[in-house]
Amino acid sequence: MISPVLPTYARAPLAFERGEGSWLIERSGERYLDLAAGIAVCALGHAHPKLVKALSDQAAKLWHVSNLYEIPGQEALARRLVETTFADTVFFTNSGTEAIECAVKMVRRYFYSLGQPEKSGIIAFQGSFHGRSSAGIAAAGSEKLAKGFGPLLPGFTQVPFGDLEAVRAAVTPETAAVILEPVQGEGGIKPFGVEKLKELRRICDENGLLLILDEIQCGMGRTGKLFAYEWAGIEPDVMAVAKGIGGGFPLGACLATEKAASGMVVGTHGSTYGGNPLAMAVGLAIMEELAAPEFLAQVSRAGGRLRQGLEGLIASHPEVFVEVRGEGLMLGLVCRKSNAEYVTAGRAAGVLLAPGAENVARVLPPLNISDAEIDEALRRLDKAALAVSAAPAA
Ligand SMILES: *Cc1c(COP(=O)(O)O)cnc(C)c1O
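(A) Focus on unusual backbone geometry. Here the residue pair Gly150 and Pro151 is connected by a cis peptide bond, since its omega of -5° sits within 30 degrees of zero. Look at Ile39: it is not a glycine, yet its phi comes out positive at around 60°. Along the polypeptide, Ile39 turns up in helix 1 (residues 37-40). Backbone geometry places Ser66, a non-glycine residue, at a positive phi of 80°. Mapped onto the fold, Ser66 is located in the loop between helix 2 (49-59) and helix 3 (72-84).

The structure is reproduced here in structure tokens:
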């Protein structure tokens, strides 16, 4: 008999009751160091006092009014995002998928409003993840995501990740845009590379294409910059943001230049919940913390400490790991055996990881994890590696 909850997830047998910073407390009372952070969502860890206060103060005043009315929190958070990024304007959503959906509609509408509706094609990269909507799975184009859900939304082409010659070859008179995760997350923590990102921007400019960046996982400080595109010194035309921007409250955003957004006039797009007062209160509090002097520098320092520790872990257990990759606090342990086995061993050792493609165990801690917590996490990761290496071959 089917379970009351639609059985689409393979869940670990843990149910957490409380969180405190980088720690999760299971109903048994067991404490776990959380290096998954709700899949790069809990940027400030669990139950951060400033976020709790922002949300509960707003909850006592007003939850929801819909976009029939002005929402001052949206104006404040949008202004904040416009001041700190390439963008001139922001559409708020409840999730990453919806931010991607807005981005896809926006680039198509841009060319439509220029009188070039035939320009609707979007070039994407293999191994990418852009959410589970019909547009998201069509963009990623992988059999794993899309099988059985056809006919898929037309207009998407995939090229090998990092292959700029393939991008050039895929451009046609119908191409509108390129969509890229600067660091693939679900795909197994794979940075596209700074030089390649610069070159991709050049290809878009030469061909009159818009560049959409999906920074849903790699943005909001995770790589040590507010957004990963900053490392390359380029700017996108459109960018999808989610995960860290809500710190656990469902919030996403589609950011754009004035030019790219020029087709999105009154009535072209909308959301009932998107940008509601609760989400805006939390988003503003997160942006304030990330903007604090030293916050991002501390992410880079913590990322360096963690990475060095992980290099040591790999050196001690070459039979378990191949390498560590990623940027800042967006790291991946490439496992030699099975990543699922290592993630399970991590749980037994009291440390939580998130599996990714290419046999990767993702290490995505809260951005404010302390040095002492990093050191404790490394001890537990070592214990998990010992357990895996002692286990009989499957
Ligand atoms: C998580 C993620 C999404 C989808 O976001 P949801 O909030 O799950 O809808 C899209 N793109 C990337 C890169 C992601 O990491």
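(B) Expanded view of the nonpolar core. Core analysis: the biggest nonpolar cluster contains 82 residues, and Leu200, Leu310, Leu333 and Tyr342 have the highest contact counts within it. Viewed by domain, this core spans two of them, domain 1 (16-34 + 293-390) and domain 2 (50-290), each represented by three or more residues. With near-sequence residues (within four places) excluded, Leu333 lies in contact with Leu310, Leu313, Ile314, Phe321, Glu323, Val324, Tyr342, Asn359, Val360, Ala361 and Val363. Membership of the second largest hydrophobic core comes to 27 residues, among which are Ala99, Val104, Ala176 and Ala260.

(C) Main features of the layout of surface pockets. Reported here for the second largest pocket is a volume of approximately 550 Å³. Asn67, Gln74, Val90, Phe91 and Phe92 are the residues nearest the centre of the second largest pocket, which is lined by 22 residues in total. Looking at the lining of the second largest pocket, the elements with two or more residues in it are helix 3, strand 4 (89-93) and helix 4 (96-113). The leading source of residues in the lining of the second largest pocket is strand 4, at four residues. Classifying every residue of the lining of the second largest pocket gives twelve nonpolar, eight polar and two charged.

(D) Highlighting the pattern of salt bridges. Summed over all chains, the structure comprises 23 salt bridges. Salt-bridge contacts for Glu195 lead to Lys198; the nearest nitrogen and oxygen are separated by 3.5 Å. One end of the pair, Glu195, and the other, Lys198, are both in helix 8 (residues 194-207), three residues apart, so they sit about a helical turn from each other. Take Lys198: its relative accessible area is 29%, and that puts it in the partly exposed class. Arg325 is the partner of Glu358 in a salt bridge, and the nearest nitrogen-oxygen pair spans 2.9 Å.

(E) Spatial organisation of the domain arrangement of the protein chain. Here the protein chain is described as being made up of domain 1 (16-34 + 293-390) and domain 2 (50-290). One C-alpha centre belongs to domain 1, the other to domain 2, and the line joining them spans 28 Å. Each side of the interface is counted separately: domain 1 has 21 residues, and domain 2 has 20 residues. Across the domain 1/domain 2 interface, buried area totals approximately 1600 Å², and carbon plus sulfur atoms make up 61% of it.

(F) Molecular detail of the packing of aromatic side chains. On inspection of all chains with the given rule, the structure shows eight aromatic pairs. Between Phe86 and Tyr229, the aromatic rings sit 5.7 Å apart at their centres with planes inclined by 85°, giving edge-to-face as the arrangement. Taken together, the residues span a long stretch of sequence, with Phe86 in the loop between helix 3 and strand 4 and Tyr229 in the loop between strand 10 (210-214) and strand 11 (238-241) at a distance of 143 residues. Residues Phe125 and Phe192 carry aromatic rings whose centres are separated by 5.2 Å and whose planes lie at 65° to one another, so their mutual orientation is edge-to-face. Of this pair, Phe125 sits in strand 5 (residues 121-125) while Phe192 is found in the loop between strand 9 (190-191) and helix 8, placing the two residues 67 residues apart along the sequence. Across the pair, Phe192 and Phe125 agree in class, each one buried. Connected via pairs of aromatic rings, a cluster forms that spans Phe86, Phe227 and Tyr229. Arg31 extends its terminal NZ or CZ atom over the ring of Trp23, reaching a point 5.0 Å from the ring centre.

(G) Examining the site of the ligand more closely. Taken together, the neighbourhood of the ligand is formed by Ser95, Gly96, Thr97, Phe129, His130, Gly131, Glu181, Asp214, Ile216, Gln217 and Lys243. At 2.5 Å, a side-chain N or O of Thr97 approaches an oxygen atom of the ligand. Contact distances for the ligand include 3.1 Å between a nitrogen atom and a backbone N or O atom of Phe129. Burial of the ligand by the surrounding chains reaches 83%, relative to a free accessible area of 380 Å².

(H) Molecular detail of the environment of Gly136. Note that Gly136 resides in helix 5 (residues 134-140). Take Gly136: its relative accessible area is 0%, and that puts it in the buried class. Spatially, the C-alpha atom of Gly136 lies 29 Å from that of Ala76, the residues being 60 residues apart in sequence.

(I) Molecular detail of the state of the cysteines. For the structure on display, the rule yields zero disulfides. Cysteine Cys42 remains unbridged, with the sulfur of Cys218 as its closest cysteine sulfur at 17 Å. In this structure Cys42 comes out as buried when scored by relative accessible area, which is 10%. As a non-bridged cysteine, Cys254 has Cys102 as the owner of its nearest cysteine sulfur, 3.7 Å distant.

Rules used throughout
- Residues numbered from 1 in each chain as written.
- Predicted model: local features only at pLDDT ≥ 70, side-chain atom pairs only at ≥ 80, totals over all residues.
- Heavy atoms only, no water.
- Helix = DSSP H or I, 4+ residues; strand = E, 2+ residues; numbered from the N terminus.
- Core = buried A, V, L, I, M, F, W, Y, C linked by side-chain atoms within 4.5 Å.
- Buried < 20%, exposed > 50% of the residue type's maximum accessible area, 1.4 Å probe, protein only.
- Domains from an automatic or database assignment.
- Contact = heavy atoms within 4.5 Å.
- 1 Å grid on protein atoms, 1.4 Å probe; cavity = no way out; pocket = protein on both sides within 12 Å on 5 of 7 lines; lining within 4 Å.
- Points joined across faces, edges and corners; volume = space filled by probe spheres on them.
- Nonpolar A, V, L, I, M, F, W, Y, C, P; charged D, E, K, R; others polar.
- Salt bridge = Lys/Arg side-chain N within 4 Å of Asp/Glu carboxyl O.
- Buried area = accessible area lost by both parts, 1.4 Å probe.
- Phe/Tyr/Trp six-rings, centres within 6.5 Å; stacked < 30°, edge-to-face > 60°.
- Lys NZ or Arg CZ within 6 Å of the ring centre and 35° of its normal.
- Near = heavy atom within 4 Å.
- Polar contact = N/O pair within 3.5 Å; in protein donor to acceptor, adjacent residues only side chain to side chain.
- Areas by Shrake-Rupley, 256 points an atom, 1.4 Å probe, with all protein chains shown as cover.
- Disulfide = S-S within 2.5 Å.

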